[in-house]
Amino acid sequence: MGILLRLPLMVILAGIGGAAMILPGLYAHAMDSHKIGSIFLGCAGLFVLLAAILGLATAEEPEGPRARSVLLTMLGTMLLLPAMLAVPFAISLPDTGFFNAWWEMISCLTTTGASLYAADLLPAPLHLWRAVVGWLGGLFMLVAAIALLAPLRVGGFEILSSPYGRSERFERLPRSAEGVPVITHLSTPAFQTELVDPVHRVMRAARAVFPPYAGLTLLMWTILLMLGENGLVALTRAMGTLSTSGISPVGGPAGQGSGIAGEAVIFLFLVPALSRRFWPGGGELNTSESWIGDPELRMAAGVVLLVSSMLFLRHFAGAIGVSPAGAKGVLDTLDSAASAAWGGIFNGLSYLTTTGWNSVEWQGARNWSGLSSPGLMLAGLALMGGGVATTAGGVKLLRVYALARHSERELEKIVHPNSVGGGGLMARRLRREGAYLAFIFFMLFASSIAVTVMLISLQRIEFDSATILSIAALTNTGPLAGAIPLTPSFQGSAGMAGAPWEGWAGLPALTKAVLAAAMVVGRVETLAILALFSPEYWRR
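Residues numbered from 1 in each chain as written. Predicted model: local features only at pLDDT ≥ 70, side-chain atom pairs only at ≥ 80, totals over all residues. Heavy atoms only, no water.

*Asks:* Help me out: how do you make sense of the overall build of the chain in this one?
*Replies:* Along the chain, the regular secondary structure elements total 22 helices and 0 strands. Taken over 540 residues, the chain has a buried fraction of 54%. In the chain, the proportion of contacts linking residues at least 24 apart, taken out of those at least 6 apart, comes to 70%. Surface summary for the chain: the accessible area is close to 22800 Å², and the carbon and sulfur share equals 67%. (Helix = DSSP H or I, 4+ residues; strand = E, 2+ residues; numbered from the N terminus. Buried < 20%, exposed > 50% of the residue type's maximum accessible area, 1.4 Å probe, protein only. Contact = heavy atoms within 4.5 Å. Areas by Shrake-Rupley, 256 points an atom, 1.4 Å probe, with all protein chains shown as cover.)

Rendered as structure tokens:
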């Protein structure tokens, strides 16, 4: 362990990525796909050896200012590491090209889950490799959130951080004339401890996060197997649920093999993507003593129930219009009504956590009412996103909650100008500085969508398709493009296994590059990337 702490973080991640290639390699040999198995095992040995050589070459180098390279390391992980992960994928599919394989790995590592390939045309070991990369991407984000982003006060931690640079619970607030400097990140010279090094923080956070992350994945895999799901499908469903990547080796709804019981299991294991409270670390994000009062969980419950109720009423009204017996005929089909309600609840949580799986009853609900898929509503859920410092993407629930509380307080002041808001320290923080920073992030996110739509539209892509593809990339919700009917593009190809009719594979290379950059921006967050342009960030 001592030598690992002296290595650059990128070298450690490259070694882990190389070692992860062993799993699909062994699975391919077990499935008699010996050519693919040899490719993965050969690449695993090659990249582990290269990582070891780089580790030996850099272990004795002076450390230097590694704390200031945190955000660059995250960007490098999302952009350069997929190039290594794409090598066995590209060799296994010779006609797809390295660029498409690199794009596929970026989609997996950022937990977007968008795919250029048809599920039934891609070999099973490659499906497993996509799921493993997505699972590792989710683990990396859970670790990086508290080890890399929290010290920089970005990634959602800025909402509840103290503007005074000290604890307001146990120390007297400084007077404004004193001008106490605000310590913004651990690269400040005042922190001359081992915690200034990002590798130490990542290792400590990984030791805390990995056991529950892997344990929940194993538990969900076991439960899905008991419910009759196929082994590979159950494993990828478990990985795709905990990482919110939505990666699956089969098309169609989430419970097509295990039924409603399997969807209930998936629904339960999606809940940890709503709040950091369910994962180790991130205690500074807790605004209440119990999970019942957690603002993110309460916001998520309210949104899911509201959206599912609206969807149910919409389906119910549509069913009255198409039923020969009118309302009486609808009341006679309570089973269809219950199925429609479950489909709305499951899809609501699935898209809120940016996983993007559809319920087995979703199509039945649409057939029951005779209405098409409410795509804008699903896109709105993906935009809102899940919890801060979780595997979910989007704007994040805590930011939405801060803006809602600020709006509520402003309306209250219109009616009672001299009223006192109250609510305690954290409530005031959310309504004031938190809402201000949340609004800044929301505007940056909206600007990112506008820029991405503009760049995609330059390639003669229809505006509605460009908008949905941009939202799907920036919110890391790849299956969103499949849930909403889009006009397919046939300006590009991903080989014989490609699926241009699903919205991604037929895009031209430049559009794919723009969407890949949007996935990285959505995963790392615009505010964190803008921090790279801050002079204070680079100041010694």
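*Asks:* What exactly am I supposed to notice about the side chain of S275 here?
*Replies:* Mapped onto the elements of the fold, S275 is located in the loop between α10 (259–270) and α11 (295–322). In this structure the side chain of S275 is engaged in a polar contact, spanning 3.1 Å, whose partner is the backbone nitrogen of R277. Of the polar contacts made by the side chain of S275, one reaches the side chain of D294; its length is 3.4 Å. Sequence-distant contacts of S275, that is, excluding residues within four places in its chain, are made with D294, E296, L297, G387 and T390. (Polar contact = N/O pair within 3.5 Å; in protein donor to acceptor, adjacent residues only side chain to side chain.)

*Asks:* How should empty space enclosed by the protein be read in this particular structure?
*Replies:* A probe as big as a water molecule, rolled over the atoms, marks out the empty space that is left. Counted according to the given criterion, the structure contains 4 cavities of 30 Å³ or more. If you add up the space inside the largest cavity, you get close to 80 Å³. If you trace the largest cavity, you find it lined by M141, A145, L149, G155, F157, A389, T390, K396, G522, R523, V524 and E525. Mapped by element, the contributors of at least two residues to the lining of the largest cavity are α7 (124–152) and α20 (509–524). Taken together, the residues of the lining of the largest cavity sort by class into 6 nonpolar, 3 polar and 3 charged. (1 Å grid on protein atoms, 1.4 Å probe; cavity = no way out; pocket = protein on both sides within 12 Å on 5 of 7 lines; lining within 4 Å. Points joined across faces, edges and corners; volume = space filled by probe spheres on them. Nonpolar A, V, L, I, M, F, W, Y, C, P; charged D, E, K, R; others polar.)

*Asks:* What am I meant to see in the packing of aromatic side chains here?
*Replies:* Two numbers describe a pair of aromatic rings. These are the distance of the centres and the angle of the planes. Tallying each qualifying case throughout the model produces 10 aromatic pairs. For the ring pair W135 and F210, a centre distance of 6.3 Å and an interplane angle of 80 degrees mean the geometry is edge-to-face. Taken together, the residues W135 in helix α7 and F210 in helix α8 (residues 198–226) connect sequence positions 75 residues apart. With relative accessibility at 41%, the residue F210 sits in the partly exposed group. The structure contains a cluster of three or more aromatic residues connected by ring pairs, namely W135, F210, Y213 and W279. Lying across the ring of W357, R237 places its NZ or CZ 4.9 Å from the centre. (Phe/Tyr/Trp six-rings, centres within 6.5 Å; stacked < 30°, edge-to-face > 60°. Lys NZ or Arg CZ within 6 Å of the ring centre and 35° of its normal.)

*Asks:* Mind showing me how you'd approach the packing of α8 against α10 here?
*Replies:* Each pair of packed helices gets described by two things: the angle between the helix axes and the distance between those axes. Contact pair α8 / α10: the axes reach a minimum separation of 10 Å and the direction vectors enclose 170 degrees. By the angle between their directions, the pair α8 and α10 is classed as roughly antiparallel. Along the contact surface, α8 presents L216, L219, M220, I223 and L224, while α10 presents G262, V265, I266 and F269. Looking at the contact of α8 with α10, its residues break down into 8 nonpolar, 1 polar and no charged. (Axes fitted to C-alpha atoms, helices over the stretch in contact; angles between N-to-C directions. Parallel < 35°, antiparallel > 145°, perpendicular 65-115°, else oblique.)

*Asks:* Can you help me understand the pattern of salt bridges in this one?
*Replies:* Working definition: two side chains of opposite charge can pair if their charged atoms are close together. Applying the stated criterion across every chain yields a total of 7 salt bridges. E158 is the partner of R399 in a salt bridge, and the nearest nitrogen-oxygen pair spans 3.0 Å. Taken together, the residues span a long stretch of sequence, with R399 in helix α16 (residues 397–415) and E158 in the loop between α7 and α8 at a distance of 241 residues. Here R399 matches E158 in class, with each residue buried. Across the salt bridge formed by E408 and R405, the nearest N and O atoms sit 2.8 Å from each other. (Salt bridge = Lys/Arg side-chain N within 4 Å of Asp/Glu carboxyl O.)

*Asks:* Please explain the confidence of the model for the chain as it appears in this structure.
*Replies:* The predicted model of the chain averages 84 in pLDDT, with 85% of residues at 70 or higher. The low-confidence segment residues 182–194, where pLDDT is below 50, has 27 contacts with residues more than four positions distant or belonging to other chains. (pLDDT = per-residue confidence, 0-100.)

*Asks:* Can you walk me through the layout of surface pockets in this structure?
*Replies:* Here the second largest pocket defines a volume of roughly 740 Å³. Lining of the second largest pocket is provided by 35 residues; of these, G251, G252, P479, G482 and E502 occupy positions nearest its centre. Only α7, α14 (362–369) and α19 (480–483) provide two or more residues apiece to the lining of the second largest pocket. A per-class count over the lining of the second largest pocket returns 16 nonpolar, 14 polar and 5 charged.

*Asks:* What is the right way to read the packing of helix α2 (residues 22–30) against α7 from this model?
*Replies:* Two numbers describe how α2 lies on α7: the axes approach to 9 Å, and their chain directions differ by 160 degrees. Viewed along their axes, α2 and α7 adopt a mutual orientation that is roughly antiparallel. The two elements α2 and α7 cross, and the hand of that crossing is right-handed. From α2, L23, P24, Y27 and A28 reach across to α7, where they touch A124, P125, L128, W129 and V132. For the contact of α2 with α7, a count of residues per class yields 9 nonpolar, no polar and no charged. (Left-handed = near helix turned anticlockwise from the far one by under 90°.)

*Asks:* Before we go on, may I ask you to explain α7 in this structure?
*Replies:* Think of an α-helix as turning once every 3.6 residues; residues three or four places apart then point the same way. Here α7 spans 40 Å end to end across 29 residues, near enough to the 42 Å set by a 1.5 Å rise per residue. Just past α7, the residue R153 takes up positive phi, approximately 55 degrees. (Expected span 1.5 Å × (residues − 1).)

*Asks:* Explain unusual backbone geometry here, please?
*Replies:* Most peptide bonds take the trans configuration, and most residues that are not glycine carry a negative phi. Within the chain, D32 stands out as a residue other than glycine whose phi angle is a positive 65 degrees. Its place among the elements puts D32 in the loop between α2 and α3 (34–58). The phi dihedral of E525 is positive, around 85 degrees, even though this residue is not glycine. Mapped onto the elements, E525 comes out in the loop between α20 and α21 (526–531).

*Asks:* Any chance you could explain the nonpolar core here in plain terms?
*Replies:* The nonpolar side chains of a soluble globular protein tend to be buried with one another. Core analysis: the biggest nonpolar cluster contains 148 residues, and M21, F89, W129, L480 and W504 have the highest contact counts within it. The element contributing the most residues to this core is α7, with 20 residues. For L480, the contacting residues outside a window of four places in its chain are Y351, L378, A379, I468, I471 and A472. (Core = buried A, V, L, I, M, F, W, Y, C linked by side-chain atoms within 4.5 Å.)

*Asks:* How should I be thinking about the environment of I53 in this particular structure?
*Replies:* For I53, the position within the fold is in helix α3. For the pair I53 and V11, spaced 42 residues apart in the sequence, the C-alpha separation amounts to 9.6 Å.

*Asks:* Explanation requested: α8 in the structure shown.
*Replies:* The first and last C-alpha atoms of α8 sit 41 Å apart over 29 residues, in line with the 42 Å expected at 1.5 Å per residue. The largest bend in α8 comes to about 35 degrees, at V209, with the proline P211 one to four residues further on. Where α8 is buried, its residues touch α1 (9–20), α4 (70–79), α7, α9 (231–242) and α10. Just downstream of α8 lies G228, where phi reads positive at about 95 degrees. (Bend = angle between axes of the 7 residues up to and from the residue.)

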